[in-house]
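Results of the structural survey
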Amino acid sequence: MADAAVTSAPSTGKRRRKVDPDGLLPSPYSAGNALKRGDLVTRLSFLVFGLGNLVRRQVVKGLIFLACEVGIIAYLATTGQQYLSKLPSLGTSAQTKVKVDGFWVYQKGDNSVQILLYGVMALFVVVFLIILAILSGRSAYKAQMVMSQGKKPASFMQDLRSLGNENAAVGLMFLPTAGIVVFTVLPLVFMISMAFTSYDKDHIVLFKWVGLQNFGKIFSSTSGDINGGLFLSVLTWSLVWAFFATFLNFFLGMFMAMIINRKTTRFKGFWRTCFSMSVAVPQFVSLLVMNTMLQHDGAINRLLVNSGLVSGPLPFLTDATWARVTVIVINLWVGIPFTIMQVTGILQNVPADLYEAAILDGANWWQRYMNVTMPYIMFILTPYLITTFTGNINNFNVIYLLSGGGPTPVGSSAGKTDLLITWLYKLTVDKSQYNIGAVVGIMTFIVLAIISLITYRSSGSYKNEEAFND
């Protein structure tokens, strides 16, 4: 019945409607059609939510629309408008104290963080109100068209049942999408907004909009603790770290997995169990133990000195170059077992007929590796490598727990092994530079988004999936 309603809906006949990649036509019950071809009740449904449904005997559906509108307008008229009206200034009233009956009484002032957060939330509510208005108009238009064909509009129970059948995508994706909006998009917009304010250690309670001033500060050539040179240094090291942490882990892990997977290797289960055990140990425990062992008077330096291999303690975490090499090597110990587990599963699923065909063609082991094994692994693991690369740029645990970002030059806000993510943490938690931290967060997001999009769209996983399967 629903399909019949769709196909009989009015069409302009002037141009062909666009079809999505799955061959589905767009819904004829769009907001534009509702405004152009809907009757007066349908058009009023954009202002009085659910009116069209109530008139056309969809009482429960209409009441739900109306209740949502009343609730949202009540929120905006009471709490929402207070924060929306202060959002342009972020508050101007400071806390004051007055003497009442001989006692000082503090009068609460504005709180800019609260105004910014609840102001952004109010803007989201306004957007939701607009979306709800569109849904109300579309629903009213659909009911109008169904009744014009002499049919009865769907009841509330029929609509509910459709969420488990033809509209299952809407029913199942609503809650996850709402969660993303509330827990990801809203904090992201709040964080981005903070980058355009003067929210720092000198303006904790009251701050204001400053435009692009913070972006200019982080790219400046001044000699302060935050400048363009320091940002480029941290960014460059973050990319270098991510490159080595990703590809050394991948290739060494793949090498180990291939050795274990060879037919001539005995006790395969034992070797895999050993690496699985290292994965089971909590990462932060391993890193804290390594941090203790690599100190100036730690176990490793004592062992080297006592054995006569070195004349004095090695600066594992106190020299910039030593510290950078050390964190990369320690990360291999932490990361290679994960790669072995990943690659082992793929190696065991490479089609045997590919190897047999290569052997019949006279291919040696290197040619089989380069033309069969490697393309198969790279095709499957390219998305994994991209996510690992981006994850390593944001690898807070390894750097913070192992080196703490140090060594840190005097007067600098970032150490020689600090990544963008650990620098952001220090700026916000240690130095209360929330606005600059937000700028670093935005720049990190931009860098990761560009790298991920370019890499993935250039990979065989994105471009040649069907060709590979063939």
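Conventions and cut-offs
- Residues numbered from 1 in each chain as written.
- Predicted model: local features only at pLDDT ≥ 70, side-chain atom pairs only at ≥ 80, totals over all residues.
- Heavy atoms only, no water.
- Helix = DSSP H or I, 4+ residues; strand = E, 2+ residues; numbered from the N terminus.
- Rg over C-alpha atoms; globule rule 2.2 N^0.38 Å.
- Contact = heavy atoms within 4.5 Å.
- Areas by Shrake-Rupley, 256 points an atom, 1.4 Å probe, with all protein chains shown as cover.
- Lys, Arg positive; Asp, Glu negative; His and termini not counted.
- Charge placed at Lys NZ, Arg CZ, Asp CG, Glu CD.
- Patch = residues over 30% accessible without salt bridge, like charges linked within 9 Å, V, L, I, M, F, W, Y side chains within 5 Å.
- Salt bridge = Lys/Arg side-chain N within 4 Å of Asp/Glu carboxyl O.
- pLDDT = per-residue confidence, 0-100.
- Phe/Tyr/Trp six-rings, centres within 6.5 Å; stacked < 30°, edge-to-face > 60°.
- Buried < 20%, exposed > 50% of the residue type's maximum accessible area, 1.4 Å probe, protein only.
- Polar contact = N/O pair within 3.5 Å; in protein donor to acceptor, adjacent residues only side chain to side chain.
- Expected span 1.5 Å × (residues − 1).
- Bend = angle between axes of the 7 residues up to and from the residue.

Observations regarding the overall build of the protein
- Of the regular secondary structure elements, the protein holds 21 helices and two strands.
- Computed over C-alpha atoms, the radius of gyration of the protein comes to 31 Å, more than 25% over the 23 Å expected from 2.2 N^0.38 for 470 residues, which places it beyond the range of a compact globule.
- Taken along its principal axes, the extent of the C-alpha atoms in the protein is 95 × 90 × 40 Å.
- The long-range fraction of contacts in the protein, counting pairs at least 24 apart against all pairs at least 6 apart in sequence, stands at 65%.
- When the accessible surface of the protein is totalled, it reaches about 27,500 Å², and 65% of it is carbon and sulfur.
- Measuring between centres, the 36 positive side-chain charges of the protein sit 5 Å from its 22 negative side-chain charges.

Re a nonpolar patch on the surface
- Judged by side-chain polarity, L54, V59, V60, L63, I64, F156, M157, L160, L163 and V170 come together as a nonpolar surface patch covering roughly 800 Å² of accessible area.
- Of all the elements in the fold, those that place two or more residues in the nonpolar patch are helix 5 (59-86) and helix 7 (156-162).
- Broken down by element, the nonpolar patch gets its largest block of residues, four residues, from helix 5.

Digging into the side chain of T265
- Here T265 shows up in the loop between helix 10 (228-261) and helix 11 (268-280).
- In contact with T265, not counting residues within four places along its chain, are I259, I260 and W271.

Regarding unusual backbone geometry
- Of note, the amide linkage connecting G406 to P407 takes the cis form, showing an omega dihedral of 0°.
- Looking at the secondary structure, you find P407 in the loop between helix 17 (396-402) and helix 18 (420-430).
- One non-glycine residue with positive phi stands out, namely R57, at about 70°.
- Examined against the element boundaries, R57 turns out to sit in the loop between helix 4 (51-55) and helix 5.
- The phi dihedral of F267 is positive, around 60°, even though this residue is not glycine.
- As for its placement among the helices and strands, F267 is situated in the loop between helix 10 and helix 11.

Thoughts on the confidence of the model for the protein
- Looking at the protein as a whole, its pLDDT mean stands at 86, while 92% of the residues score no less than 70.
- Within the model, the stretch residues 1-13 combines pLDDT values under 50 with 11 contacts to residues more than four positions away or in other chains.

Brief notes about the packing of aromatic side chains
- What the rule picks out here adds up to 17 aromatic pairs.
- Seen in terms of ring centroids, F316 and W322 are 5.7 Å apart; in terms of plane orientation they differ by 85°. Their pairing is edge-to-face.
- When its relative accessible area of 12% is taken as the criterion, F316 is described as buried.
- On the basis of relative accessible area, W322 is assigned to the partly exposed category, the value being 36%.

Section: the pattern of salt bridges
- Evaluation of the coordinates by the stated rule reveals four salt bridges.
- The salt bridge involving K61 is made with D159; its shortest N-O contact spans 3.4 Å. On the criterion of sequence distance, the pair formed by K61 in helix 5 and D159 in helix 7 is long-range, its members being 98 residues apart.
- Close ionic contact of K86 with D110 constitutes a salt bridge, the shortest N to O distance being 3.0 Å. Taken together, the positions of K86 in helix 5 and D110 in the loop between strand 2 (103-107) and helix 6 (112-148) put the pair 24 residues apart, joining distant regions of the chain.

Looking at the side chain of T417
- You can see T417 is positioned in the loop between helix 17 and helix 18.
- Looking at T417, its side chain comes within polar contact range of the main-chain oxygen of G406, at 2.7 Å.
- Contact partners of T417, with chain neighbours within four places excluded, come to W237, A323, R324, I399, S403, G405 and G406.

Regarding helix 5
- Over its 28 residues, helix 5 runs 39 Å from end to end, which matches the ideal 40 Å to within 8%, given 1.5 Å per residue.
- Of all the bends in helix 5, the greatest, near 60°, is centred on G80.
- When helix 5 is considered as a whole, its buried residues turn out to be G62, F65, E69, I72, L76, G80 and Y83.
- On the buried face of helix 5, the contacting elements are helix 4 and helix 6.

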